[in-house]
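Here are the chains, one letter per residue:
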Amino acid sequence: MNHIELLKKEHENILRMLDVLHKASLNVLQNYEIDVDDLKKMVAFIRRYADKTHHGKEEKYLFKAMVEDLGGPAQKVIQGGMLIEHDLGRLYVSDLDEALDAYKEHPADEHKLAILVAAGSYEHLLRRHIQKENETVFTFGEKHLSEKSMNWVEEQSQAFEADVENAAEREYQLQVLKELELKY
Ligand SMILES: [Fe+2]
Ligand SMILES: [Fe+2]
């Protein structure tokens, strides 16, 4: 699997977690149930897998190479679009985490609403973000980056994947995803 294929595979796993988050949100509306511990697991997956592992690789390797080597439209779409969306995602996840803490402390409707708003905002943002990367940004990089740059991206990516701590974190989060999928 090359680096772009790996990033697309990770998108599939992130979308699976977005489906879980969506079902958990529906559960709040339909059954008035909030399982704070499960939602905290979703927050941890988003932070460690979607953000640290996946967005981290995009920012440090592929997008870095595209900005430095291609400039122009690639720079515009990455710096003015993709990176801003990564940051916005971090904000929504912090909002979700804070709303969960507030709800645990005091289970009021106000906090329940904040949970739904943050979860829905994150889901909506990430689905569109992933679609843009799959359909245009990655394809553009694959087509226009030089062989030398693409090789550098591959080497960095392989080193990241081979790191024992990164591999353990990835396996752990994917296991949590499977367990949540069975439940939701
Ligand atoms: Fe991204
Ligand atoms: Fe991505």
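Anything mentioned here points back to the structure above.
Residues numbered from 1 in each chain as written. Chains lettered and ligands numbered in written order. Predicted model: local features only at pLDDT ≥ 70, side-chain atom pairs only at ≥ 80, totals over all residues. Heavy atoms only, no water.

### Side note on the coordination of the iron ion (ligand 1)
So the rule is basically this: The rule for donors is simple: N, O or S, within 2.8 Å of the metal, or within 3.2 Å if the metal is Na, K or Ca. Water isn't counted, so a site may look like it is missing partners. Only two sets of limits are used to name each site, 85 to 135 degrees for every angle of a tetrahedral four-donor site, and over 155 degrees for opposite donors with all other angles from 65 to 115 for a square planar four-donor or octahedral six-donor site, with any other site named irregular. Runs of H or I in DSSP of at least four residues are treated as helices and runs of E of at least two as strands, each being numbered from the N terminus. When a residue's accessible area, from a 1.4 Å probe over protein chains only, is under 20% of the maximum for its type it is buried; when over 50% it is exposed; and in between it is partly exposed.
Bound to the iron ion (ligand 1) on the protein side are Glu 58 (OE), His 86 (NE2), His 129 (NE2) and Glu 133 (OE), at distances that span 2.0 to 2.2 Å. Considering all four donor atoms around the iron ion (ligand 1), angles at the metal cover 83 to 179° and the coordination shape is irregular. For the iron ion (ligand 1), the single-chain donor residues occur in sequence as E-x27-H-x42-H-x3-E. Separating the iron ion (ligand 1) from the iron ion (ligand 2) is a gap of 3.2 Å, bridged by Glu 58, which donates to each. A residue pair is termed long-range when its members are at least 10 positions apart, and Glu 58 in helix α2 (residues 36-70) and His 129 in helix α4 (residues 109-144) qualify at 71 residues. With respect to burial, Glu 58 and His 129 carry one shared label: buried.

### Here we look at the nonpolar core
Grouped burial of nonpolar side chains is what soluble globular proteins tend to show. This is how it is decided: To form a nonpolar core, buried Ala, Val, Leu, Ile, Met, Phe, Trp, Tyr and Cys residues must be joined to one another through side-chain atoms within 4.5 Å. Contacts were defined at the residue level, with two residues in contact if any of their heavy atoms lie within 4.5 Å.
Ranked by size, the top nonpolar core spans 32 residues in total, and within it Leu 21, Met 42, Leu 96 and Tyr 122 carry the most contacts. Elements represented by at least two residues in this core include exactly α1 (3-31), α2, α3 (72-105), α4 and α6 (164-183). Discounting chain neighbours no more than four positions away, the residues touching Met 42 are Met 17, Val 20, Leu 21, Ala 24, Leu 180 and Tyr 184. Core analysis: the next-biggest nonpolar cluster, separate from the first, contains 17 residues, Tyr 61, Phe 63, Val 153 and Phe 160 among them.

### Some points on the side chain of His 3
Tracing the backbone shows His 3 in helix α1. Residue classification places His 3 among the buried residues on the basis of a relative accessible area of 0%. What His 3 contacts, discounting residues up to four positions off in sequence, is Lys 57, Tyr 61, Leu 62, Val 153, Glu 154 and Ser 157.

### Observations regarding the packing of α2 against α6
Applicable threshold: In this analysis an axis means a line fitted to C-alpha atoms, helices contributing only their contacting stretch, and an angle means the value between N-to-C directions, from 0 to 180 degrees. Should an angle lie under 35 degrees it is considered roughly parallel, over 145 roughly antiparallel, and from 65 to 115 roughly perpendicular; all remaining angles are considered oblique. Handedness of a crossing follows from how the near helix is turned relative to the far one, being left-handed for an anticlockwise turn of less than a right angle and right-handed for a clockwise one. Residue classes follow a fixed rule: Ala, Val, Leu, Ile, Met, Phe, Trp, Tyr, Cys and Pro count as nonpolar, while Asp, Glu, Lys and Arg count as charged, and any other residue, Gly among them, counts as polar.
It is the contact of α2 with α6, at a shortest axis distance of 10 Å, that shows an interaxial angle of 140°. Taken together, the axis directions place α2 and α6 in an arrangement best described as oblique. Handedness of the crossing formed by α2 with α6: left-handed. Contacts between α2 and α6 involve Asp 38, Lys 41, Met 42, Ala 44, Phe 45, Arg 48, Tyr 49 and Lys 52 on the former and, on the latter, Asn 166, Glu 169, Arg 170, Gln 173, Leu 174, Val 176, Leu 177, Leu 180 and Lys 183. A per-class count over the contact of α2 with α6 returns eight nonpolar, two polar and seven charged.

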